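# Per-entry structural report
Letter by letter, the chains look like this.
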Amino acid sequence: MLLETLNQLEADAIIFAPGEIPIFITPGVETLGILRDGKIQSSELLATVRVVRRTNFRQVGEITIPRGPIGDGKHELTVTIFPLSKDDLVLVLVSDESEVQRVHDVRRDFVANISHELKTPIGALSLLSEAVLGSKDDPESVVKFATRMQSEAKRLTDLVQEIINLSRVQDSDPLERAEEVSIDYIIREAIDQCRITADNRKIDVTYLETGETKVLGDRDQLIMAIHNLIENAINYSPENTKVSITKTKSDGIIDISVTDQGIGISESEQERIFERFYRVDPARSRQTGGTGLGLSIVKHVAAKHGGEVKVWSVENIGSTFSLRLPIYVPPMEITE
Ligand code: ADP
């Protein structure tokens, strides 16, 4: 009866037998990383469960669990712990309310930035349409202004699409309904999506496929992140240069690196480029159709998958961006 009720709840739940042995868990508990190999990963949670055992009183607390072995991504969870009268069992209910608050705060700041960014192309469109009206007897000027209107409209469309992408990435939790994703597959897809830009700029994009590696997460988000890194590598490099993608594994982490021979980024700018709408050179970013959101999307995708993104760069030599993600090991292959 209790188990049926728990299975219907929105929140995740664990029941511990004495010795803190989990005897029941809802499916979400596994992806939240609260337990590993049947052991409680949070010392705060373990201590609170013990307090409940001693006092026989309900306790409520906040716990923080890293999303993966690297990076800053965290699950901030509210846990309510109840003593059950039967067999010295303890019930832990887990809910992600702090995540709801965080998403709310991020969205509020984001809306303020967006309004500012949208003003530029909308203002340009309005001025250009006045210019078209003012030169209706001069076909050459009409064509010139209409062409610029077209490119401002495209910029606006791209910006809106990137805003949608970023807000999806910020709001979703790819580990909640995670699938096994092949790294070779996502790199191939991302390269395919950059083919036209690469050909236009005569840039040779190389990737040597090696043994299969899988991660757990959202396939489309991962393709988007790698696509953004390759597209930047192409856009911030001179023509006739190379962009190479490599994949290395160590300590349970897969490192996907995109290296270019481009303009590079000074050390002082390297911290800031992951901020929303930050561009080192707004004029160049505008020329390449950049929105200033690409790397911010990559950073969020990495953190939400329990990973991180790193940059190494030297001005006028080139840059390497690495997306590092925890490798997925199917449960039966885990060795003691
Ligand atoms: P954008 O849409 O402007 O490219 P991003 O968020 O993708 O926005 O990148 C932010 C800024 O970081 C870019 O405007 C550019 O100045 C810098 N940048 C990103 N990738 C590279 C790269 N591979 N080489 C040099 N500069 C880069």
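Residues numbered from 1 in each chain as written. Predicted model: local features only at pLDDT ≥ 70, side-chain atom pairs only at ≥ 80, totals over all residues. Heavy atoms only, no water.

### A few points about the sheet that holds strand 6 (residues 74-83)
Note on sheets: strands pair through backbone hydrogen bonds, and any given pair is parallel or antiparallel. The five strands are arranged 2-1-7-6-5 in an open sheet whose pairing can be described as antiparallel. Each having just a single partner strand, strand 2 (21-25) and strand 5 (59-66) make up the two edges of the open sheet. The average undirected angle you get between the axes of adjacent strands in this sheet is 30°. Pairing of strand 1 (residues 12-17) with strand 7 (residues 90-95), which is carried by five bridges, proceeds in the antiparallel orientation. (Pairing = 2+ DSSP bridges. Helix = DSSP H or I, 4+ residues; strand = E, 2+ residues; numbered from the N terminus. Axes fitted to C-alpha atoms, helices over the stretch in contact; angles between N-to-C directions.)

### A few points about helix 5 (residues 139-171)
Helix length check: helix 5 (33 residues) gives 48 Å between terminal C-alpha atoms against 48 Å at 1.5 Å per residue, within 8%. Along helix 5, the residues classified as buried are Ser141, Phe145, Glu152, Arg155, Leu156, Leu159, Glu162, Ile163, Asn165, Leu166, Val169 and Gln170. (Expected span 1.5 Å × (residues − 1). Buried < 20%, exposed > 50% of the residue type's maximum accessible area, 1.4 Å probe, protein only.)

### Overview of the domain arrangement of the protein
By a widespread convention, an interface's size corresponds to the accessible area lost as its parts come together. What the domain assignment reports for the protein is domain 1 (2-96), domain 2 (97-171) and domain 3 (176-336). Contact with domain 1, which involves six residues of that partner, is made by nine residues of domain 3. Interface area, domain 1 with domain 3, both sides summed: about 710 Å², of which 62% is carbon and sulfur. On inspection of domain 1 and its partner domain 3, the count reaches zero salt bridges. The residue inventory of the side of domain 1 that touches domain 3, partitioned by class, reads two nonpolar, three polar and one charged. (Domains from an automatic or database assignment. Contact = heavy atoms within 4.5 Å. Buried area = accessible area lost by both parts, 1.4 Å probe. Salt bridge = Lys/Arg side-chain N within 4 Å of Asp/Glu carboxyl O. Nonpolar A, V, L, I, M, F, W, Y, C, P; charged D, E, K, R; others polar.)

### Brief notes about the sheet that holds strand 9 (residues 204-207)
If you trace the five strands from one edge of the open sheet to the other, you get 9-11-12-14-13, paired in mixed fashion. Lying at the two open borders of the sheet, with one neighbouring strand each, are strand 9 and strand 13 (308-314). Mean inter-strand twist for the sheet, computed between neighbouring axes without regard to direction, equals 15°.

### Quick look at the pattern of salt bridges
Where side chains of opposite charge bring their charged atoms close, a pairing between them can arise. What the rule picks out here adds up to 14 salt bridges. Notably, a salt bridge pairs Lys247 with Asp184, separated by 3.1 Å at the nearest N-O pair. Of this pair, Lys247 sits in strand 11 (residues 242-250) while Asp184 is found in helix 6 (residues 183-200), placing the two residues 63 residues apart along the sequence. With relative accessibility at 13%, the residue Lys247 sits in the buried group. Overall, the relative accessible area of 5% leaves Asp184 in the buried class. Beyond isolated ion pairs, a larger network of salt bridges with shared partners links Asp255, Glu308, Lys310 and Arg324.

### Focus: the site of the ligand
Taken together, the neighbourhood of the ligand is formed by 20 residues, with Asn232, Tyr236, Ser285, Thr291 and Gly292 sitting nearest. Between Val280 and the ligand, the recorded distance is 3.1 Å, taken from a backbone N or O atom to an oxygen atom. Contact distances for the ligand include 3.3 Å between an oxygen atom and a backbone N or O atom of Gly294. Protein coverage of the free-state accessible area of the ligand, which is 540 Å², stands at 96%. The set of elements that each furnish at least two residues to the shell around the ligand consists of helix 7 (219-235), helix 10 (294-304) and strand 14 (318-326). Among the residues making up the shell around the ligand, the classes are represented as ten nonpolar, eight polar and two charged. (Near = heavy atom within 4 Å. Polar contact = N/O pair within 3.5 Å; in protein donor to acceptor, adjacent residues only side chain to side chain. Areas by Shrake-Rupley, 256 points an atom, 1.4 Å probe, with all protein chains shown as cover.)

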